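What follows is each chain in one-letter form.
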Amino acid sequence: MRRAFEGFKVIDASQGVAGPHAAMLLALHGADVIKIEPPEGDWGRILGKAKAKNTIHFVAFNRGKRSIAIDLTKEEGRRIATDLVTGADVVIESFRPGVAARLGLGYSDAIKVNPNLIYMSVSGYGQQGPNRDRPAVDGVIQAYSGMMVMNGSVDKPHRQGMVVIDTVTGLYGFQAVSAALMRKVRFGTGSFIDMSLMQSAAAFQAAKLMEAASEGPSPGPLYSPSGVYETADGHVLLSTMRSRAFEVLCGILGCPQLATDARFSSVDGRNANRHEMNRVLTDQLRTRTTDEWVALMLERGVMASPIKSYTDWLADAHVKAVDGYQTLPFAGVGSLPVAAIPGCPGAEIGANGAVPGLGEHTTQILSSLGRTDVEIASLYSARVLS
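Every chain begins its residue count from 1, and numbering advances along the sequence as written. In keeping with the model being predicted, local features are shown solely for residues with a pLDDT of at least 70 and side-chain atom pairs are shown and tallied solely at 80 or more, while totals for entire chains, interfaces and linings include all residues. With hydrogens and water excluded, all non-hydrogen atoms of the structure serve as input to the side-chain values.

**Focus on the packing of helix H6 (residues 138–145) against helix H9 (residues 197–204)**
What counts as an axis is a line fitted to C-alpha atoms, over the stretch in contact for a helix, and the angles between N-to-C directions run from 0 to 180 degrees. A run of H or I in DSSP becomes a helix once it reaches four residues, and a run of E becomes a strand once it reaches two; helices and strands are each numbered from the N terminus. At a minimum axis distance of 10 Å, the contact between H6 and H9 shows a crossing angle of 50°. In terms of their interaxial angle, H6 and H9 are classed as oblique. The chirality of how H6 crosses H9 is right-handed. Between H6 and H9, the residues in contact are Asp138, Ile141, Tyr144 and Ser145 and Leu197, Met198 and Ala201, respectively. Charged means Asp, Glu, Lys or Arg here, nonpolar means Ala, Val, Leu, Ile, Met, Phe, Trp, Tyr, Cys or Pro, and polar covers whatever is left, Gly included. Here the contact of H6 with H9 is built from residues that sort into five nonpolar, one polar and one charged. Orientation categories follow fixed angle ranges, with anything under 35 degrees roughly parallel, anything over 145 roughly antiparallel, 65 to 115 roughly perpendicular, and all other angles oblique. Handedness of a crossing is defined here by the sense of rotation of the near helix relative to the far one, left-handed for an anticlockwise turn of less than a right angle and right-handed for a clockwise turn. Should any heavy atoms of two residues lie within 4.5 Å, those residues are considered in contact.

**Brief notes about the packing of helix H11 (residues 243–253) against helix H15 (residues 290–299)**
Relative orientation of the contacting elements H11 and H15 amounts to 135°, with a least axis distance of 10 Å. Viewed along their axes, H11 and H15 adopt a mutual orientation that is oblique. Two packed elements cross with a definite hand, and for H11 against H15 that hand is right-handed. Facing Leu249, Ile252 and Leu253 of H11, the residues of H15 in contact are Trp293, Leu296 and Met297.

**Side note on unusual backbone geometry**
In this chain, serine 224 is followed by proline 225 through a cis amide linkage whose omega measures 0°. Along the chain, proline 225 falls in the loop between helix H10 (206–215) and strand E7 (226–230). Positive phi outside glycine occurs at aspartate 323, with the angle close to 55°. A relative accessible area of 56% places aspartate 323 in the exposed class. Residues other than glycine seldom take positive phi values, yet arginine 383 does so here, at roughly 60°. Its place among the elements puts arginine 383 in the segment after helix H20 (373–381). Relative accessibility decides the category of a residue: with a 1.4 Å probe and only protein chains considered, values under 20% of the type maximum give buried, values over 50% give exposed, and everything between is partly exposed. Residue arginine 383 is classed as exposed on the basis of its relative accessible area, which comes to 65%.

**Comments concerning the sheet that holds strand E6 (residues 191–196)**
The criterion for strand pairing is that DSSP finds at least two bridges linking the strands in question. The strand order across the open sheet built from six strands is E3-E2-E1-E4-E5-E6, with neighbouring strands paired in parallel fashion. Lying at the two open borders of the sheet, with one neighbouring strand each, are strand E3 (66–69) and E6. Ignoring strand direction, the axes of neighbouring strands in this sheet form an average angle of 20°. Lying over the sheet, helix H3 (residues 75–86) contacts strand E1 (9–13), strand E2 (32–37), E3 and strand E4 (90–93), oriented at roughly 160° with respect to E2.

**Things to note about the pattern of salt bridges**
One speaks of a salt bridge when a side-chain nitrogen belonging to Lys or Arg is within 4 Å of a carboxyl oxygen belonging to Asp or Glu. Scanning the model with the defined rule gives 18 salt bridges in all. The residue aspartate 316 makes a salt bridge to lysine 308 at a minimum N-O spacing of 3.3 Å. Sharing partners across several salt bridges, the network here consists of Glu75, Glu76, Arg79, Asp83 and Arg371.

**Focus on the packing of aromatic side chains**
Any Phe, Tyr or Trp ring, taking Trp's six-membered ring, that has another such ring centre within 6.5 Å forms a pair; planes under 30 degrees apart are called stacked, those over 60 apart edge-to-face, and the others tilted. This structure, assessed with the given rule, holds seven aromatic pairs. Judged by centre distance (6.1 Å) and plane angle (70°), the rings of phenylalanine 5 and phenylalanine 8 are edge-to-face. A relative accessible area of 17% places phenylalanine 8 in the buried class. Centre to centre, the rings of tyrosine 107 and tyrosine 119 are 5.5 Å apart; their planes meet at 65°, and the pair counts as edge-to-face. Of the two residues, tyrosine 107 is situated in helix H5 (residues 107–113) and tyrosine 119 in strand E5 (residues 118–123); the sequence distance between them amounts to 12 residues. For tyrosine 107, a relative accessible area of 27% puts it in the partly exposed group. The structure contains a cluster of three or more aromatic residues connected by ring pairs, namely Phe5, Phe8 and Phe174. One Lys or Arg, arginine 134, reaches over the ring of tyrosine 125 and ends 5.9 Å from the middle of that ring. Either the NZ atom of lysine or the CZ atom of arginine qualifies as a charge over a ring when it sits within 6 Å of the ring centre and within 35 degrees of the ring normal.

**Regarding H11**
Since the α-helix turns once every 3.6 residues, residues separated by three or four places project in the same direction. Those residues of H11 lying buried are Phe246, Val248, Leu249, Cys250, Ile252 and Leu253. Following H11 by one or two positions, glycine 254 has its phi on the positive side, about 80°.

This is the structure:
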């Protein structure tokens, strides 16, 4: 299958997760992505346990790229970056607002040499507004956006244990650049995209923001019973939205009286009286094991699942049957499972699985810009290149 972005060139001057994720998705769909790194490397290379200038997070969000390591504080380094921008279709950067301009890589500088460029700036709070200069990471935006309260227990806000906002920002960034590339192909115009973690977090939680405005800061569940319940040996996730599914569940659990109780005859009624209903359901569920209950429920069409770990998921028969991941070797960190990306042809995982070493393609990239071997050696000597 031909990949959608074959022939497009992307300059990825971003670091961390959000910008690199967007750029990686472009690479997996065929774009030639050149990653500009500082001499010490993208700070994503130290995000977690580092081995051989790689970390698992760097591997997860930088596959399929080429790396050039340039000192942008030096004039010749900025000249190289400008040459790369001149021949690019897309530039992605994640400097603090104003920093790219000071390095000669800001949007106004870029469109002087490439008027139809698609340029995406990734930042914590965006390029405008009173918070534009605030430093931000995933956890800060989880706290700022309301996610920790929405996801919290009764007594304590709760942080998601993964870089969820960064990852989502990468997805929004990818779709924004993809749409911009379509505009460029159809109408010949470039674009400036202001992509912030703050706004991505809000878009991701759009329904919860609406609920809070309409129903107050602690809206009830969408439907009941739904959620995690104790069993004789662990927990089970149940989800029964329709009244017919609730009736079947009550029959399976041996408490048919709940299904005929007027308090539980509608979604609104079950939500309003969920605490009384859940006490009965929990007592019944504690009489058998999770596997026993899940088997009975799935047999009758009730949505349920045991609570799996990541290890369980990797070993799951269904996951393996649909090629949910491939195991690939990566320098330093060893062989790792790489999840298939929906909409990206699975066969491309292996073909685009390579993760660049820091500055691995510097000489190759500079040669393509017309620099001679002597010039390249001189740039190394001057520490313009790493």
